[in-house]
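Here is what each chain is made of, one letter per residue.
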Amino acid sequence: MLRAEIREEDPLQSTTEHTSINVIFFDTLAKDFSQSVKQGDIVLLANFTISKSPTFLRDKLHPCQLEMDNKDACVYVCPSAIPGPSSSEAKYVYVPLNKLKSKTLVNVYGVVTFFKQPFPSKGSDYCTTLKITDQSDVKVICTIFCKKLEDHPLIFRVGDIIRLHRFKAEAFRDSITLINTFGWSTVTFNGIIDSPIVPRTSSKSFFYGEADKRRVQELRQWAANQSLCSDLNTSLSSVQPHMYFDFTCQLLAKAVMHSGCILLKVWDGTRCQLPLLQVAVPPDELEGECTLAKDKMNLTANVLVYDNHLEVARDLKPGAFLRFYNLRALLQKVPGQLPDQPEHLGFHLHGGTVYGRGLRSLPAETPDLLSLKSVLEKHVDLDEHEEVNDGTLLEIWYTPPESIGAEENAGPAYTVQTCEHNTQRITLAQVKRSTPPLSCHVRARVKKYLPQQLYQCLKLFCSKCKTMKDVPDDSAVANIFLESARDNQPCDEQWAATSSANSREPGRTISMHVSKDMVGKSSHMQLIFIEGMTLDEISVLSRDHKNLVPVRSENSKMTRMDLTAPFLFSGKKRYYGCKQCSRNTFENPVFTGVETWDEQAVAAVLGVQMMQYRFLIQFELDDVTDTIEALLWEDAERFFHISAVDASGCQDLQDRIQTIMDTIQPPESSLEERPWMDFCLSVYTVKDNDRNKVCYQITNTEIVKQ
C-alpha cells in the first residue's frame, strides 16, 4: 500500500478550503507510482473511489480521500516542466521561516529552541513536538507523528540544528505550524560551533553536501550570537534542592521497584555537595554493577523514573550514556532519621512531558560526551567488587519504595474525609497488599480519570434490578418521538379531557390529555399527557410546565412511549424508567388522592420503576509507591456537593463539575503539579467469572469548599 498527497495545480486560485487530498494505492500501481512519479509532477487519476479520510483531524487535509479499489483505476503522469537540478547541490529549496504560507509543502532549516522526546499520541503513533527558529527570528512549532520511535528526529539538546523535508505548513491560532507529510525526513546536527558536522538520522538514504554544511555553520554562528545554545546541563556537584535541570550521565545499574517505578543508578564522575538519598536494592534484583564504593563517595545519583518514561527506562542497558530532561531534585527524610540529621537529596523523573521532561540514551560517539568521559576515566580505579553483606547495606541510608517521596505529600489536601474511621493513613502499595474487606485512608494524586468527556459520567441506575446504563443520546430519543408522531391518530380515553390541533407537518396531530379530575386546576398542578410532539417541541413546552408525560396511541388507546425515551419531562429535567422492572402498560390510572405531583408520584401512577441519576467516575490514583483504579459512585454527590439529577438539567452545575476535575487534573499538567487528595477507600471483592476480583471505591470523601 502507498499513500500520497496531491494538491490542486494552482491552490492560490482555489475557492475551497482544502486544496490537498490523500490518495491510497495498492499492489503494482502503488509500486509503479512510487518509482515513476516525482514531487512536482502533474497527475490525472481515473476510476478512484471517494471515502472518508481517517486521518483528517490529524493531517488537516481534505475530509475525504481517493482510494484505488479495482483494477480499472489508472494514473496519467505529466512530468514537471521545471528542469532537473544540474547537481545534487540544487536539489532542494529551503524556505525561511518568516516566508512560510499555509497549505504549502516546504523544506526548512532551523535551530531547535524547545523539544519533547517522542510520546504516545491518542492514536497509534508517537508524537514529537519541537519549536525552531532561524535568522528571520520567527519561531515555528513542528509536530511529527510516526509509529516507530527510531524514525523520530534525534534531537539531543536545545541549540541542535534540524533539517526538515516535505513538511506541510498550516495556519493555527494566527501562526504557522509545520506537520510531517508523506515522504517526510529529518536530519539533525550538533549546534556547537567548531564541533564536527555529523548528520544524525535514522534514514538509510539521505544526502547532504557542501551547501548543507554552509547552512549548518551559518545557523551555528547565528544561534551563538543570539545565545540560543545555552547549556541547561548541570553536573551532580552543582545540583541544589528543588532544581529542575538537565543531567548527562552514565547508567551503572537499574532495578524495577514496582509496576510504576524503575530505579536508575547513574553518575557523572562529580561528587554531590549534599548527602545523596540511597535506595537499597537486593543484589539479585539489581541489573548492572555493584555501586557501593561510588555510593560511599557520594558519586551515585539514584533516579526514580515514573509513568510514560518507563518504556524508555526498561530498554536501557548498564553502561549506556543518558540525558535526563527536566529532572527534579528534592530533599527527603528517610525512615528513622533523627531531627538533627541532614536531609538527603533524591531525584525524580515524574510523568508527563511538560517543559520537555523525558530521558534518552546518547550514542557513545556523541561530541557532548567527550568531557563526561574524561571525568569518568579519573575514577577507573574504584573498587566495585567490595563484598556486599548486612554490614555494608546498613552503612547506606535505606529508603523502602513505599516511603519514597513521602515528604512531598505533607501539605494541605484538596479533599477531606467525612468518615468516622480512626485509622492511620497507609500507602497504595500497602492497600494492594491488604486483605478485603477493608476501609482505609490514603493520600494520592489523580493520575487520570475516565470518562474524559464528563457528560458520559452521568448514568441511570435501577435500584431494583441493579442495572446501570448510559443516559440515552438525544438523537436516539428524537428518533423515538419522530416515529411515534408520524401518522399519529389521537387516542380516546374516558378519563381524559383532550385537546387536539394539526401541526404544520402533514399527517401529524398534536394532542394534550388531562385527567378530568384536574380540569380547572393550575397547569403547575396538572399532569399533562402529550401525544404527537417531537422531542424539540416537548422540550420547549416543558420550560413552562412541570409535569409532561409523552404518550402514543395504539388502537385508539393511550400507552407509554418506549422507555428508552423519558417517561416524564419536568422543567429542564428528564426522568427515565427501567424497561425490565416497569409494567408493560397502564390502564385507568387513578389521579385522586395525590396532593403533589412529583416524579415519584407520576412513576407510581404510570407503573414505571424510575431510574436514578448517578455519577460514575473511575480514578487512577498514584502516591509514588503504587497506583490503583478506584470508582467514585455511591458517594459521588457528596464528593462534588452536587445532585446528579440537578446536574442532568443544569449546565452551570455541569460546568462546576468540569472546573473541579480541571483542578484535580489540570489540562496538560504533570502528575507532580496536581494537588494531593485525602481519600477514604473501601476495599472489597466481587465475583468475576467465578473468581473473586478485588475492587476499590472512594467513599466518605468531599471536595474542600473554597
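So, here's what we can say about the structure. Here the residue index of a chain counts from 1 through its sequence in written order. At least 70 in pLDDT is required for a residue's local features to be given in this predicted model, at least 80 for side-chain atom pairs to be given and counted, and no such filter applies to totals for whole chains, interfaces and linings, which use all residues. Heavy atoms throughout the structure, all of them, feed into the side-chain values; hydrogens and water do not.

1. Re the overall build of the protein
Part 1 of the reasoning: Only DSSP runs of H or I reaching four residues or more are called helices, and only runs of E reaching two or more are called strands; each is numbered from the N terminus. If you tally the helices and strands in the protein, you get 14 helices and 35 strands.
Part 2 of the reasoning: Whether two residues are in contact is decided by their heavy atoms, any of which lying within 4.5 Å being enough. Within the protein, contacts between residues at least 6 apart in sequence are counted, and of these 64% link residues at least 24 apart.
Part 3 of the reasoning: By element, 50% of the accessible surface of the protein is carried by carbon and sulfur atoms, the whole surface being about 36100 Å². To measure how exposed things are, a 1.4 Å probe is used in the Shrake-Rupley method; for residues, cover is taken only from the protein chains shown.

2. Points about the sheet that holds strand 33 (residues 677–688)
Strand pairs in the sheet, formed through backbone hydrogen bonds, run parallel or antiparallel to each other.
Part 1 of the reasoning: In this description, strands pair whenever DSSP reports at least two bridges between them. Pairing in this closed barrel of five strands is mixed, and the strands run 20-31-32-34-33 around the ring. For this sheet, the mean inter-axis angle between neighbouring strands, taken without regard to orientation, is 55 degrees.
Part 2 of the reasoning: Relative to strand 32 (residues 627–632), strand 31 (residues 617–622) runs antiparallel, the two being bridged by six bridges. Bridge assignment links E620 to a residue of strand 32, and that residue is E629. In this analysis, axes come from line fits to C-alpha atoms, helices being fitted only over the stretch in contact, and the angle between any two N-to-C directions falls in the range 0 to 180 degrees.

3. Points about helix 11 (residues 599–606)
Part 1 of the reasoning: Here the term buried applies to any residue with accessible area under 20% of the maximum for its type, exposed to any over 50%, and partly exposed to those in between, with areas from a 1.4 Å probe on protein chains only. For helix 11, the set of buried residues is A601, V602, A603, V605 and L606.
Part 2 of the reasoning: Of the surrounding elements, those touching the buried residues of helix 11 are strand 25 (528–531), strand 26 (548–554), strand 27 (557–560) and strand 28 (568–570).
Part 3 of the reasoning: One or two residues past the end of helix 11 sits G607, with phi positive at roughly 70 degrees.

4. Structural notes on the nonpolar core
Part 1 of the reasoning: Among buried residues, the Ala, Val, Leu, Ile, Met, Phe, Trp, Tyr and Cys ones that are joined through side-chain atoms within 4.5 Å form a nonpolar core. Counting 78 residues, the largest nonpolar core has F567, F615, F619, L621, F640 and I664 as the members making the most contacts within it.
Part 2 of the reasoning: With near-sequence residues (within four places) excluded, I664 lies in contact with Y414, V446, F639, R674, P675, M677 and I703.
Part 3 of the reasoning: Formed by 27 residues, the second largest nonpolar core is a distinct cluster that contains L100, F115, C142 and F156.

5. Focus on the pairing of strand 27
Part 1 of the reasoning: Sheet topology note: the strand 26/strand 27 ladder contains four bridges and is antiparallel. Counted as the bridge partner of E554 is K557 from strand 27.
Part 2 of the reasoning: Connecting the antiparallel pair strand 26 and strand 27 is a turn made up of two residues, with N555 showing a positive phi of about 55 degrees.

6. Comments concerning unusual backbone geometry
Among all residues save glycine, negative phi is the norm, and among peptide bonds the norm is trans.
Part 1 of the reasoning: With an omega of 0 degrees, the peptide bond running from P436 to P437 counts as cis.
Part 2 of the reasoning: Note that P437 resides in the loop between helix 8 (428–433) and strand 20 (438–450).
Part 3 of the reasoning: Between L450 and P451 the backbone carries a cis peptide bond, its omega angle lying at 0 degrees.
Part 4 of the reasoning: On the secondary structure map, P451 appears in the loop between strand 20 and strand 21 (458–461).
Part 5 of the reasoning: Its identity is not glycine, yet D307 carries a phi of approximately 55 degrees, on the positive side.
Part 6 of the reasoning: Note that D307 resides in the loop between strand 15 (301–306) and helix 5 (310–315).
Part 7 of the reasoning: Since its relative accessible area comes to 15%, D307 is described here as buried.
Part 8 of the reasoning: Positioned with a positive phi, K466 is a non-glycine residue whose angle comes to about 65 degrees.
Part 9 of the reasoning: Judged by its relative accessible area of 56%, K466 is exposed.

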